[in-house]
Amino acid sequence: MNYSSTGLLALLVHVIVNYDVIRNIHYRKGTPAADAYRVLALSVISFYVADILWGVFYDARLVALTYAFTVLFFVAMAITVFAWTRYVFLYLKLNGRFMQLLSVAGWMYLVLMSLVLFLNIFAPLMFWLTPSGEYYSGLMRYILLGFQVLLFLATSVYVFLSSRNAEKTIRRHFKAIGSFGMTMTVMVALQLLYPLLPMYSTGCLLGSCILHTFVVGDMKEDRRRELEEMLAREQRQKLELGSARHLAYTDSLTGVKNTHAYVESEKLLDQRIAEGTIREFGVVVFDMNGLKQVNDTEGHEAGDRYIQEACRLICRQFQHSPVYRIGGDEFVALLEGEDYRNRTILMSAFETHVEMNRHSGKAVVASGLAEFRPGQDNSYRRVFERADRRMYMRKSALKAV
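Nothing here was measured: the structure is a model prediction, and the numbers come from that model.

Asker: So what about the sheet that holds strand 5 (residues 330–335)? Which residues, and what values?
Answerer: The strand order across the open sheet built from four strands is 4-5-3-6, with neighbouring strands paired in antiparallel fashion. The open sheet has two edge strands, strand 4 (323–325) and strand 6 (364–371), and neither has a second partner. The average angle at which neighbouring strand axes cross in this sheet is 20 degrees, direction not considered. The pairing of strand 3 (residues 282–289) with strand 5 spans six bridges and is antiparallel.

Asker: Tell me about helix 14 (residues 343–360), and name the residues and values.
Answerer: Under the 1.5 Å per step criterion, the end-to-end length of helix 14 is 25 Å for 18 residues, consistent within 8% with the ideal 26 Å. Those residues of helix 14 that are buried are in contact with strand 3, helix 12 (300–317), helix 13 (337–341), strand 6 and helix 15 (380–400).

Asker: Please provide a residue-by-residue account of the pattern of salt bridges, values included.
Answerer: Considering all chains together, one arrives at 10 salt bridges under this definition. For Lys395, the salt bridge is made with Asp287, and the minimal N-O distance between the two is 2.6 Å. Within this pair, whereas Lys395 is found in helix 15, its partner Asp287 is found in strand 3, the two being separated by 108 residues in sequence. Assessed through its relative accessible area of 10%, Lys395 is described here as buried.

Asker: Requested: an account of the packing of helix 1 (residues 2–17) against helix 3 (residues 32–59), with residues and values cited.
Answerer: Look at helix 1 against helix 3: their axes get within 8 Å of each other, and the N-to-C directions meet at 160 degrees. In terms of their interaxial angle, helix 1 and helix 3 are classed as roughly antiparallel. Between helix 1 and helix 3 lies a crossing of left-handed hand. Taking contact as the criterion, the partners of Tyr3, Ser4, Gly7, Leu8, Ala10, Leu11, His14 and Val15 in helix 1 are, on helix 3, Ala41, Val44, Ile45, Tyr48, Val49, Asp51, Ile52, Trp54, Gly55 and Val56. Considering only residue class, the contact of helix 1 with helix 3 consists of 13 nonpolar, four polar and one charged.

Quick notes on the rules
- Residues numbered from 1 in each chain as written.
- Predicted model: local features only at pLDDT ≥ 70, side-chain atom pairs only at ≥ 80, totals over all residues.
- Heavy atoms only, no water.
- Pairing = 2+ DSSP bridges.
- Helix = DSSP H or I, 4+ residues; strand = E, 2+ residues; numbered from the N terminus.
- Axes fitted to C-alpha atoms, helices over the stretch in contact; angles between N-to-C directions.
- Expected span 1.5 Å × (residues − 1).
- Contact = heavy atoms within 4.5 Å.
- Salt bridge = Lys/Arg side-chain N within 4 Å of Asp/Glu carboxyl O.
- Buried < 20%, exposed > 50% of the residue type's maximum accessible area, 1.4 Å probe, protein only.
- Parallel < 35°, antiparallel > 145°, perpendicular 65-115°, else oblique.
- Left-handed = near helix turned anticlockwise from the far one by under 90°.
- Nonpolar A, V, L, I, M, F, W, Y, C, P; charged D, E, K, R; others polar.

Shown next, in the form of C-alpha cells:
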C-alpha cells in the first residue's frame, strides 16, 4: 500500500492547493489560459485516481483490474501531457515554430498512446501481466516515456531561454513553468527506470505546487493590484466625466481617446523630440479587417459592435498605453514605459489573439509597430509612417490567409 499512499497524499495536496481552480470559482475563469490550467488540474486528478487504484489492485494481485487500471494509468498520463502542452501554449502566448510543434506534439502523444494501448490488447507492446499478477514493461513504454522526457526537457529549455527578454514578473512565471517541466523531466526519467515506484505522481505533485505558488499566486496578487488600479481609474473618470475636455477628447463609440486628443499628443511628442527630452517610445497602428463586409451584410449597428470588440482587444493587450481611434476602423497606441519595454511580448500576444479570433470568426485586427530612433527621427510622423507600412504588410498577409 506504500505505492497507493503516495498517490493518495499527492491527490489530497493537489485538491487543497487547487481547490478554487477545480471548482472553477477563480477570477480568471473563462480565459483560454485559465481554462487550460483547469483542464490540467483535473487531468492530474484523474491520473492520481488511476495510479492509486492501480497500486491497490496490483498489491491484491487482481490481474483483470490491474490490467484495466494500467490502461487507465497510461491514458490519464497522456491526457495530462496533452493538457500541459495546451496550457504552456495558451499561457505563454509565444509565437514561433517550437510552440506550434509543442501543440502538435501534445496531440500526437495522446493519439499514439491510445493506439499503442489498443494494440497492446493483441500483443504486449506496452506492458503485460503474468497469471500471478506480476507487471512487466514492454518496449513501447520505454519509447513513449522517453518521448515525454524529451518533450518536457525541450519545453523547459525553450521557456527558460524565452524568459530572458520578459518583464520581471512575467520572467518569474516563465521560470516556474520551466521548473515544472524540469521536475517532470527528472521524475519521468526515474519512472522510466523504476516502473513500480510512484515517481510520476511525485513529479505532478511538485510541479503543481510550483505552478500554484509562483504563477497562480502571482495572478491573485496581480488581480488585487488590477482592482486597485480599476478603482483609481474609476475615481479619475468620475472627475473627468464632469469636464468638457473629457467629452471633447473621448470617442463616443469606443470610449478611447479620439482624433482631437491624438493631434494634441502628436504635437506634444514633436515638441519633446525637438527638445530632446524623449529617448524612447513606440507607435502601434491598427486597422480592422472585414468591417465593410460586416456593414454591408449585417448593418451598421453590427459594424459598431465589431469596432467595439476590436477596441477592447487592443485595450486589453496595451493596458498601460493611451489608445486613440483616429478613423472609422483605425486605432493607434503610443507605447512608453512598461509597455514599451515589453513591446515584443505584447505584440506577439496580440498576434496570437488575432489568430485565435480569425479562426473563431471574431474581430481581426492588423497591426504594425515602429520604434522612435533618436538622432534619425526628427518628427513623430516618421515613426508613424513606418508603423503604418508594417501594418499594411500585416493586413495584406491576413487577407492572403
